[in-house]
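Each chain is listed here by its residues.
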Amino acid sequence: MGSFASKAALGATTDELAEPEPKHLADLIQYINETNMSVEHLADVLSEKTRSSSWVVVFKALVTVHHLMVHGNERFIQHLASRNSLFTLHNFLDKSVVEGYTMSTFIRRYSRYLNEKSLACRLIASDITKTKRGTNGMMRTMNTKELLNTLPVIQIQFDALLNFNANSDELTNGIIHAAFMLLFKDSLRLFAAYNEGILNLLDKYFDMRKNQCKESLDIYIKFLERMTKLARFLKVAEQVGIDQNDIPHLTQAPHSLLEALKQHLASLEEKKDILPPHRLFPLHDMLQPILPSQAHKPVGARQQGGTIRANNLDGSLSSLVGNFNFGENPVNK
């Protein structure tokens, strides 16, 4: 069975300028979903392919790894997370062809994201994009200490994803396009978990100690900054033809909320036992999102009438992200 996996991995990472063939990816998913099959050998084969000097082979190996992280049994990413190091491609550069210079930049950024995704899995002890969501989900049931430890990890992973930073006119071949589609899916699920953690954090904010409020306010301000960056990322998704029904509409939180959080912290620093007027109505109700009705489904891309449709993408997840009910100010897309 190991030779079967090796053959499929080699088939997915040829030097042909095209995305990994779906047949080989399906074979690899089947392999790692067999509970008695070791994933270590497969990880070794794909890791070895990233040491190639060809940007095509390296990029396809990274896309294959990411595909298995997203669609395969979670033990695959757990194995990657257990390794001391994953991808050391921060200096990768293919000078053999003109396109190699541009694609090498995206390979360096993409490998950093996969490293951060793997590290986050190690630190949180699960793939945050696959954890249970909703009122009884992981992020909504964490206590304050857990939130303050977990949200910065999510922020770092989210930063690495957004730092892929490709414009629509840079998605010039099937390989980088496949990478972008996987990043698009991760962005929705990662942000959904991120948002639920922020909702929980804000719900607890007015009962926190001063130092916890300081940390939480910093986390919340960074969250707002990342919403703006996510909007730009989603604009690229729209430009490359991803169906608009799969692209959430983000709305920004009212400025009055941020001011209320700052005022509360100031009152604690002045040792005044006074809560800002914002606390007079239920913060939880104001920030309650519409919860998804479905969990995780595999995503592929198919062409429909000139529009790229994310196959089986969490439509309910788009509803979650697109209906935060934050209120006033739509984030410019």
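Each remark here, short or long, concerns the structure printed above.
Along every chain, residues carry numbers that run from 1 in the direction the sequence is written. Only residues with pLDDT of 70 or above have their local features reported here, since the model is predicted, and side-chain atom pairs are shown and tallied only from 80 upward, although totals for entire chains, interfaces and linings are computed over all residues. Remark: hydrogens and water are excluded; side-chain values derive from all non-hydrogen atoms of the structure.

Novice: Describe in detail the overall build of the protein, supporting the description with residues and values.
Specialist: In terms of regular secondary structure, the protein is built from 12 helices and 4 strands. By definition in these notes, contact holds between two residues if any of their heavy atoms fall within 4.5 Å. Pairs at least 24 residues apart make up 78% of the contacts formed inside the protein by residues separated by at least 6 positions. Strands are runs of DSSP state E lasting at least two residues, helices are runs of H or I lasting at least four, and both sets are numbered from the N terminus onward.

Novice: Residue-level account of the nonpolar core, with values.
Specialist: Core analysis: the biggest nonpolar cluster contains 97 residues, and F59, F76, Y110 and Y220 have the highest contact counts within it. Here this core takes 18 residues from helix 8 (residues 174–205), the largest share from any one element. If we ignore the near neighbours within four places in the chain, the residues touching Y220 are I198, L202, A253, L257, L258 and L261. What is meant by a nonpolar core is a set of buried Ala, Val, Leu, Ile, Met, Phe, Trp, Tyr and Cys residues, joined one to another through side-chain atoms within 4.5 Å. The classification of residues rests on relative accessible area computed with a 1.4 Å probe and restricted to protein chains. Under 20% of the type maximum is buried, over 50% is exposed, and intermediate values are partly exposed.

Novice: Report on the pattern of salt bridges, specifying residues and quantitative values.
Specialist: Salt bridges are counted wherever a side-chain nitrogen of Lys or Arg sits within 4 Å of a carboxyl oxygen of Asp or Glu. According to the stated counting rule, one finds 10 salt bridges in the structure shown. Close ionic contact of R226 with D159 constitutes a salt bridge, the shortest N to O distance being 2.7 Å. Residue R226 is located in helix 9 (residues 210–239), and its partner D159 is located in helix 7 (residues 144–162); the two are separated by 67 residues in the primary sequence. A single burial state applies to R226 and to D159, both of which are buried. Salt bridges linked by common partners bring K117, D127 and D186 together as one network.

Novice: How would you summarise helix 6 (residues 98–124) if you had to cite specific residues and measurements?
Specialist: Take the residue count of a helix, subtract one, and multiply by 1.5 Å to get its expected span. The terminal C-alpha atoms of helix 6 lie 40 Å apart, and with 27 residues this matches the ideal 39 Å at 1.5 Å per residue to within 8%. Positive phi appears at A125, one or two residues downstream of helix 6, with a value of about 70°.

Novice: How would you sum up helix 2 (residues 22–33)? Please name residues and give values.
Specialist: Its 12 residues place the ends of helix 2 16 Å apart at the C-alpha level, agreeing with the 16 Å of an ideal helix rising 1.5 Å per residue. Taken as a whole, helix 2 has its buried residues at H24, L25, D27, L28, I29, Y31 and I32.

Novice: Explain the packing of helix 4 (residues 55–71) against helix 5 (residues 74–82) to me, using residue names and the numbers behind them.
Specialist: Between N-to-C directions, angles span 0 to 180 degrees; the directions come from axes that are lines fitted to C-alpha atoms, helices contributing only their stretch in contact. Where helix 4 contacts helix 5, the two axes come as close as 6 Å, and the packing angle between them is 125°. Taken together, the axis directions place helix 4 and helix 5 in an arrangement best described as oblique. With respect to the hand of their crossing, helix 4 and helix 5 are arranged in left-handed fashion. Of helix 5, the residues touching helix 4 (which contributes V65, L68 and M69) are F76, I77 and L80. Here the contact of helix 4 with helix 5 is built from residues that sort into 6 nonpolar, no polar and no charged. Here is the rule for angles: anything less than 35 degrees is roughly parallel, anything more than 145 is roughly antiparallel, 65 through 115 is roughly perpendicular, and the remaining ranges are oblique. The crossing is said to be left-handed when, going from far helix to near helix, the turn is anticlockwise and less than a right angle, and right-handed when the turn is clockwise. Three classes are used: nonpolar for Ala, Val, Leu, Ile, Met, Phe, Trp, Tyr, Cys and Pro, charged for Asp, Glu, Lys and Arg, and polar for all others, with Gly counted as polar.

Novice: Mind laying out the side chain of N200, listing which residues take part and the relevant values?
Specialist: When you line up the elements, N200 lands in helix 8. Sequence-distant contacts of N200, defined by excluding residues within four places in its chain, comprise M139, R140, T141, M142 and L147.

Novice: Mind laying out the packing of aromatic side chains, listing which residues take part and the relevant values?
Specialist: Stacked, tilted and edge-to-face are the three classes applied to pairs of Phe, Tyr and Trp rings, where Trp contributes its six-membered ring and a pair requires centres within 6.5 Å; stacked means planes under 30 degrees apart, edge-to-face means over 60, and tilted covers the rest. Applying the stated criterion across every chain, the model contains 12 aromatic pairs. Geometrically, the ring pair formed by Y194 and F223 is edge-to-face, given 5.0 Å between the ring centres and 85° between the ring planes. Taken together, the positions of Y194 in helix 8 and F223 in helix 9 put the pair 29 residues apart, joining distant regions of the chain. For F223, a relative accessible area of 0% gives the class buried. In textbook terms, an aromatic cluster arises when at least three aromatic residues are bridged by ring pairs, as seen for W55, F59, F106, Y110 and F164.

Novice: Which residues make up the packing of helix 2 against helix 4, and what values go with them?
Specialist: Where helix 2 meets helix 4, the closest approach of the two axes is 10 Å, and the angle between their N-to-C directions is 50°. Relative to helix 4, the element helix 2 lies oblique. Along this stretch, helix 2 crosses helix 4, giving a crossing that reads as right-handed. Seen from helix 2, the contacting residues are L25, L28, I29 and I32; seen from helix 4, they are T64, H67, L68 and H71. Among the residues making up the contact of helix 2 with helix 4, the classes are represented as 5 nonpolar, 3 polar and no charged.

Novice: I'd like a rundown of the environment of K204, residues and numbers included.
Specialist: Relative to the assigned elements, K204 resides in helix 8. In this structure the C-alpha to C-alpha distance between K204 and T144, which are 60 residues apart in sequence, comes to 7.2 Å. Excluding anything up to four places from it in sequence, K204 contacts M142, N143, T144 and L147.

Novice: I'd like to hear about the environment of I107, residue by residue, with values.
Specialist: Note that I107 resides in helix 6. Taking C-alpha positions, I107 is 10.0 Å from T50, a pair spaced 57 residues apart along the chain. Apart from the residues within four sequence positions on either side, I107 is in contact with W55, V58, F59, L62, L89 and F92.

Novice: Please give an account of unusual backbone geometry that cites residues and values.
Specialist: For A125, which is not glycine, the phi dihedral falls at a positive 70°. With respect to the helices and strands, the residue A125 is situated in the loop between helix 6 and helix 7. Located in the positive-phi region is N165, a residue other than glycine, with phi close to 50°. Relative to the helices and strands, N165 is located in the loop between helix 7 and helix 8.

Novice: Got a sec to walk through the environment of D127? Specific residues and values, please.
Specialist: Mapped onto the elements of the fold, D127 is located in the loop between helix 6 and helix 7. For the pair D127 and I77, spaced 50 residues apart in sequence, the C-alpha separation works out to 7.7 Å. Once residues within four sequence positions are removed from consideration, D127 is found in contact with M69, E74, I77, K117 and C121. A distance of 2.8 Å separates a polar atom in the side chain of D127 from a polar atom in the side chain of T129. Any pair of nitrogen or oxygen atoms within 3.5 Å is treated as a polar contact; in protein, a donor-acceptor pairing is required on top of that, and neighbouring residues in sequence qualify only through side-chain atoms on both sides.

From the geometry alone we can't say anything about function, so treat these as descriptive.
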